[in-house]
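Secondary and tertiary structure notes
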Amino acid sequence: MIVDGRAVEASAVMQVAHLMALAARTAPKGRGADHIETVVVSGEDLQQLGEDVISYGEETGQPLYVRDGNCLQKCQALLIIGVKNVPMGLKNCGFCGFSTCGDCAEIGGMCAIRQADLGIAVGSAASVAADHRTDTRVLFSVGKKAIDFDMFGNSLVRNAYPLGLSSSAKNPFFDRPDIWQSMK
């Protein structure tokens, strides 16, 4: 049997995306409570998401979204890691900037511990991509659109960080335009 290298690479990228989702799930979490959600996007859905992110960037005049939407169109897969905004229920934590979890929830704030859980999960997933020599980049702007499009099917997910994956000969995330100079 002969299997084309590009087909093998595409399959491997999906396997890595699945392993990254597993790493996000098993990453350490505050109080050991799991509020992480993951989805993997590929194929036509990924291309459509890229187009939608570009359109959003153009409509709102935000070059960050245009740049990251273009990156999506060069990806073979996208892992999106989200976190449910479920307060810890502590009386005097204060990491979120409020006195109590109740005060934070009342005003619609984000639990800082859950945000840390998200960051740890993203780092754990990114390390899996690195271990498998798969190009990846956190495309945080795309997370907003994932939430807007209700890609998790859970209204408690209020923050998400997507990681694009690619197995191309040249890392598509390396030579991205510097949009920060134009935003000053």
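Note that the structure is predicted; figures quoted are calculated from it, not measured. (Residues numbered from 1 in each chain as written. Predicted model: local features only at pLDDT ≥ 70, side-chain atom pairs only at ≥ 80, totals over all residues. Heavy atoms only, no water.)

1. What about the overall build of the protein?
Within the protein, the regular secondary structure consists of 7 helices and 4 strands. Going from N to C terminus, the protein has its helices and strands arranged as α-β-α-α-β-α-α-β-α-β-α. In terms of overall dimensions, the protein is globule-like: its C-alpha atoms have a radius of gyration of 18 Å, near the 16 Å expected for 184 residues. Along the first, second and third principal axes, the C-alpha set of the protein runs to 60 × 40 × 30 Å. Counting every position in the protein, which comprises 184 residues, the buried fraction comes to 39%. Within the protein, contacts between residues separated by at least 24 positions form 76% of all contacts whose residues are at least 6 apart in sequence. Just so you have it, the protein exposes about 9700 Å², and 54% of that area is on carbon and sulfur atoms. For the protein, the separation between the mean place of its 17 positive charges and that of its 20 negative charges on side chains is 7 Å. (Helix = DSSP H or I, 4+ residues; strand = E, 2+ residues; numbered from the N terminus. Rg over C-alpha atoms; globule rule 2.2 N^0.38 Å. Buried < 20%, exposed > 50% of the residue type's maximum accessible area, 1.4 Å probe, protein only. Contact = heavy atoms within 4.5 Å. Areas by Shrake-Rupley, 256 points an atom, 1.4 Å probe, with all protein chains shown as cover. Lys, Arg positive; Asp, Glu negative; His and termini not counted. Charge placed at Lys NZ, Arg CZ, Asp CG, Glu CD.)

2. Here we look at the environment of His35
Structurally, His35 is set in the loop between helix H1 (5-26) and strand S1 (36-42). Considered as a pair, His35 and Leu22 are 13 residues apart in the sequence and their alpha carbons are 14 Å apart. Not counting residues within four places of it along the chain, the set of residues in contact with His35 comprises Gly82, Val83, Lys84, Val86 and Arg114.

3. Looking at the sheet that holds strand S4 (residues 157-166)
Strand order in the open sheet formed by 4 strands is S1-S2-S4-S3, and the pairing between neighbours is antiparallel. Of all strands in the sheet, those with a lone pairing partner are S1 and strand S3 (135-138), marking the two edges. Direction aside, neighbouring strands of the sheet carry axes that sit 20 degrees apart on average. Summarising the sheet, strand S2 (residues 77-84) and S4 pair through 8 bridges and their orientation is antiparallel. Each bridged residue has a counterpart across the sheet, and for Ile81 the counterpart in S4 is Tyr161. Across the sheet, helix H2 (residues 43-60) is in contact with S1 and S2; its angle to S1 comes to roughly 100 degrees. (Pairing = 2+ DSSP bridges. Axes fitted to C-alpha atoms, helices over the stretch in contact; angles between N-to-C directions.)

4. Quick word on the packing of aromatic side chains
Tallied over the entire structure, the rule returns 1 aromatic pair. The aromatic ring of Tyr56 is capped on one face by Lys145, whose charged end is 3.8 Å from the ring centroid. (Phe/Tyr/Trp six-rings, centres within 6.5 Å; stacked < 30°, edge-to-face > 60°. Lys NZ or Arg CZ within 6 Å of the ring centre and 35° of its normal.)

5. Observations regarding the nonpolar core
If you look at the biggest cluster of nonpolar residues, it comprises 21 residues, and the most contacted ones within it are Met20, Ile36, Leu79, Ile81, Ala121 and Leu165. Breaking this core down by element, the ones donating at least two residues are H1, S2, helix H5 (112-131) and S4. The element that contributes the greatest number of residues to this core is H1, accounting for 7 residues. (Core = buried A, V, L, I, M, F, W, Y, C linked by side-chain atoms within 4.5 Å.)

6. A look at unusual backbone geometry
Even without a glycine there, the phi angle at Arg31 is positive, about 65 degrees. If you trace the backbone, Arg31 turns up in the loop between H1 and S1. The backbone phi angle of Asp150 is positive, close to 50 degrees, even though this residue is not glycine. Mapped onto the elements of the fold, Asp150 is located in the loop between helix H6 (140-148) and S4.

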